[in-house]
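Structural overview for review
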2 protein chains.
Amino acid sequence: MKIFLVYVHPNPRSLNATLRDHAIAVLKREGHEVRVSDLYAMKWKAVADADDFPERDNSLPLEYMTASGEAYETGTQAEDIAAEQEKLKWADAVVFQFPLWWFGLPAILKGWIDRVFAFKFAYGYKNAGNTYRYGDGALAGKRTLLSVTVGGPEVDYGPRGINGPLEHLLFPMTHGSLFFPGMSVLPTFAVYGTVKVDEAGVDAAKHALEARLVHLFLDEPTPFRAQNEGDYPDRHTLAPHIAAGISGIPAHIATRLPNVLATAAAMNFVDIPETEYDAEE
Amino acid sequence: MKIFLVYVHPNPRSLNATLRDHAIAVLKREGHEVRVSDLYAMKWKAVADADDFPERDNSLPLEYMTASGEAYETGTQAEDIAAEQEKLKWADAVVFQFPLWWFGLPAILKGWIDRVFAFKFAYGYKNAGNTYRYGDGALAGKRTLLSVTVGGPEVDYGPRGINGPLEHLLFPMTHGSLFFPGMSVLPTFAVYGTVKVDEAGVDAAKHALEARLVHLFLDEPTPFRAQNEGDYPDRHTLAPHIAAGISGIPAHIATRLPNVLATAAAMNFVDIPETEYDAEE
């Protein structure tokens, strides 16, 4: 299969670099083709602005969304944006390797989303407003995995940990950016406590990531609810009987089936007593 | 009082620009001093990298956190970072005016956090690890307000709206970045449906923002739980009796007092029937 690895770290001797190198080796060993975007090495332009539209009359005030859609449709986007979109279209799966900074994406990665996920491509698909989103769109059928390094200890990101659960903090990326144009998002892979990690910790992280990469096309994606499969009858709000009594982020994870329950529980999206499902499922 | 306005939009004729101009006029009329950082106009450097440490030997691999702390302590940070920190220290309140892009901050604003919120300044305060965080730190005593424009309709951001509640999406910024170094974070002010907004909508948005700005020092902040006031006895996890049975983001909002209940309910953090508290409180 074809794997697109988006790599983000300013230090070529970082744990992130080690995990990137190991990921490439494992993916190739598994028989995959691998392409890499190293955003720092590429000096990726993080800031969305008028320079993204080289053929537009930029003496006019910039309405970024409109300009983005026009440039996408007319093939006049900045070359770096078009190149990343081409890699996304090429890929069967996209893996992101990055450090968690201030409980979110490093700015250079957020700027990759802001610029590459153009109007008419990642939103406004088929020129049909919000008809195709959350489970359907230009990237439907592709898988994606976040591989994140986290400075603090895992306990701080537990269901009742002081920082909030990691999957809640990353929900704007997983659900809002990746599931939105149709990708199947795997539960996040995280290495915690990276502020102080020894050689054994690095080895453990490499092995744990390897296990996830070997199962890249086998693991159950996070069961985010698709917009167009009935849970949101008006395409805006959950039907009253869906996740009844639950609001906020956890309501958007389907919990109908035992294996799905287990996935959601493992992600700290919901607390589910083990007795509610057959552990052998 | 002293107000620091951080403004983010690439289009000087945008709704955000209109709201910025109105905010400045209102704040001055109220007798405040106002300083503005217009990140796009400043061509703010969004990407955290070795160039942030002009006096460091950057032939060595970059450990950003360490370098950041050393540069802060020795007064050798990049000038643009030091200037923004000075404005933060000067201010009694910080107002952020920006558009929601892909359910989070525009990259240029995330890069402002990544770079300005240096080690030893915004985290690792007093060289004491995580002793001072979440309610205590270098920015304690200051207030902050996010003023956000949102393209989609408000219903999509309701308690069970398809995008997730806005305050959950912004939790990494409000709780994780602003409350972390001690700021009191006001409930977010949002204008929805900005993809199509007419003159009356702009007027309504200006009036609504004005009402919030007039109450900048009067409104009740979001009652995020302080790390060092007992709710997290080990500084990592909520005590079992605090928000018992609740996990995820809503658990970190205190809901002890009627006015606090009302605030939390208004923010969609928790659903609270009106009968649970005296509406006249």
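Right above here is the structure, for reference.
Residues numbered from 1 in each chain as written. Chains lettered and ligands numbered in written order. Predicted model: local features only at pLDDT ≥ 70, side-chain atom pairs only at ≥ 80, totals over all residues. Heavy atoms only, no water.

Observations regarding the overall build of chain A
The line we're drawing: Strands are runs of DSSP state E lasting at least two residues, helices are runs of H or I lasting at least four, and both sets are numbered from the N terminus onward. Put simply, the radius of gyration uses C-alpha atoms, and a globule should come to 2.2 Å times the residue count raised to 0.38. Two residues qualify as a contact provided that any one of their heavy atoms is within 4.5 Å of a heavy atom in the partner residue. For the area figures, the Shrake-Rupley method with a 1.4 Å probe applies, and any residue is considered shielded solely by the protein chains shown.
Looking only at helices and strands, chain A has 8 helices and 6 strands in total. Mapped from its N terminus to its C terminus, chain A presents α and β elements in the order β-α-β-α-α-β-α-β-α-α-β-β-α-α. For chain A, the C-alpha radius of gyration of 19 Å lies close to 19 Å, the compact-globule estimate for 281 residues. Projecting the C-alpha coordinates of chain A onto the three principal axes gives extents of approximately 60 × 50 × 40 Å. Here the analysis covers contacts within chain A between residues at least 6 apart in sequence; of these, 74% occur between residues at least 24 apart. For chain A, the exposed surface amounts to about 11300 Å²; the carbon and sulfur share of it is 50%.

Structural notes on the pairing of strand β3 (residues 93-99) of chain A
Residue and element names in this part refer to chain A. The cut-off we apply is this: Partly exposed describes any residue whose relative accessible area lies between the buried limit of under 20% and the exposed limit of over 50%, with all areas from a 1.4 Å probe on protein chains only and scaled to the type maximum. Each pair of strands is called paired provided DSSP finds at least two bridges between the two strands. The handedness of a crossover follows from its direction of travel: if, with the strands pointing away from the viewer, the path from the first strand over the helix to the second runs clockwise, the crossover is right-handed.
Taking burial as the measure, the 7 residues of β3 include 7 buried ones, the bulk of the element. The two faces of β3 match: A93, V95, Q97 and P99 on one face and V94, F96 and F98 on the other face are all buried. When strand β1 (residues 2-7) meets β3, the two strands line up parallel, connected through 5 bridges. In the sheet register, V6 faces β3, and the bridge partner there is F96. Inspection of the sheet shows β3 paired to strand β4 (residues 143-149) by 7 bridges, in the parallel sense. What sits directly across from P99, in β4, is T149. Handedness of the crossover is the feature at issue here: the chain leaves β3, passes through helix α4 (residues 107-116), returns alongside β4, and the resulting connection is right-handed.

Notes on the environment of N228 of chain A
All names here are of chain A. Convention followed: Here a polar contact is recorded for every N or O atom pair within 3.5 Å, except that within protein the pair must consist of a potential hydrogen donor and a potential acceptor, and residues adjacent in sequence are included only if both atoms are side-chain atoms.
For N228, the position within the fold is in the loop between α7 (199-214) and α8 (258-266). Judged by its relative accessible area of 37%, N228 falls in the partly exposed class. Each C-alpha atom of the pair N228 and L139 lies 16 Å from the other, and the pair is 89 residues apart in sequence. Sequence-distant contacts of N228, defined by excluding residues within four places in its chain, comprise T131, Y132 and R235. Within the structure, N228 has its side chain in polar contact with the side chain of R235 (distance 3.4 Å).

Re empty space enclosed by the protein
Under the convention used in this document: Of the two site types, the cavity is a set of points on a 1 Å grid over the protein atoms alone where a 1.4 Å probe fits but cannot get out, and the pocket is an open set with protein on both sides within 12 Å along at least five of seven lines, each lined by residues with an atom within 4 Å of a point. Grid points are joined across faces, edges and corners, and a volume is the space filled by probe spheres set on the points. All amino acids are sorted into three groups, where Ala, Val, Leu, Ile, Met, Phe, Trp, Tyr, Cys and Pro are nonpolar, Asp, Glu, Lys and Arg are charged, and the leftover types, Gly among them, are polar.
Tallying each qualifying case throughout the model produces 2 cavities of 30 Å³ or more. In this structure, the largest cavity encloses a volume near 290 Å³. Taken together, 21 residues form the lining of the largest cavity, with G104 and L105 of chain A together with G104, L105 and P172 of chain B sitting closest to its centre. Of all elements in the fold, only α6 (171-179) of chain A together with α4 (107-116) and α6 (171-179) of chain B reach the threshold of two or more residues within the lining of the largest cavity. Grouping the constituent residues of the lining of the largest cavity by class yields 15 nonpolar, 4 polar and 2 charged. By volume, the second largest cavity is sized at about 30 Å³. Lining the second largest cavity are F53, Y64, S68, A71, Q77, I81, R115 and A118 of chain B. Broken down by element, the residue count for the lining of the second largest cavity peaks at 3 residues, all from helix α2 (residues 64-74) of chain B. Of the residues belonging to the lining of the second largest cavity, the class tally is 5 nonpolar, 2 polar and 1 charged.

Observations concerning the interface of chain B and chain A
Here is the rule we go by: For any pair of parts, buried area is found by adding up, for both, the accessible area (1.4 Å probe) each one loses once the two are put together. Between Lys or Arg on one side and Asp or Glu on the other, a salt bridge is scored when a side-chain nitrogen of the former is within 4 Å of a carboxyl oxygen of the latter.
The partner chain A presents 66 residues to the 66 residues of chain B that form the contact. A per-residue breakdown of the area chain B buries against chain A is headed by W102, R160 and I162 of chain B, which together make up 21% of the total. Our count for the chain B to chain A interface comes out at 2 salt bridges. In this structure, the salt-bridge partner of R133 of chain A is D156 of chain B, at a minimum N-O distance of 3.0 Å. Across the contact surface, chain B and chain A share 32 residue pairs in polar contact (both at pLDDT 80 or more). Secondary structure elements with two or more residues in the side of chain B that touches chain A: α4, α5 (166-169) and α6 of chain B. Split by residue class, the side of chain B that touches chain A holds 39 nonpolar, 17 polar and 10 charged.

What about α6 of chain B?
Across the 9 residues of α6 of chain B, 9 count as buried, placing the element largely inside the fold. Every buried residue of α6 of chain B is listed here: F171, P172, M173, T174, H175, G176, S177, L178 and F179 of chain B. Against the buried residues of α6 of chain B lie α5 (166-169) of chain A together with β3 (93-99), α4, β4 (143-149), α5 and β5 (184-185) of chain B.

Comments concerning the relation of the copies chain B and chain A
Condition: Least squares is the method used to superpose the copies, on C-alpha atoms of residues holding a pLDDT of at least 70 in both.
Rotating chain B by 180° and translating it 0.0 Å along the rotation axis places it on chain A, where the RMSD comes to 0.0 Å. Between the two chains, the operation in question is that of a two-fold axis. Of the C-alpha atoms belonging to chain B, the one lying closest to the rotation axis is found on A107 of chain B, 2.4 Å away. In this assembly the copies share their binding face: 100% of the residues contributing to the interface of chain B also contribute to that of chain A.

A word on the side chain of H32 of chain B
Residue and element names in this part refer to chain B. As for its placement among the helices and strands, H32 is situated in the loop between α1 (15-29) and β2 (33-38). Polar side-chain contacts of H32 include one of 3.2 Å to the backbone nitrogen of M1. Not counting chain neighbours up to four residues away, the residues in contact with H32 comprise M1, I3, L27 and F217.

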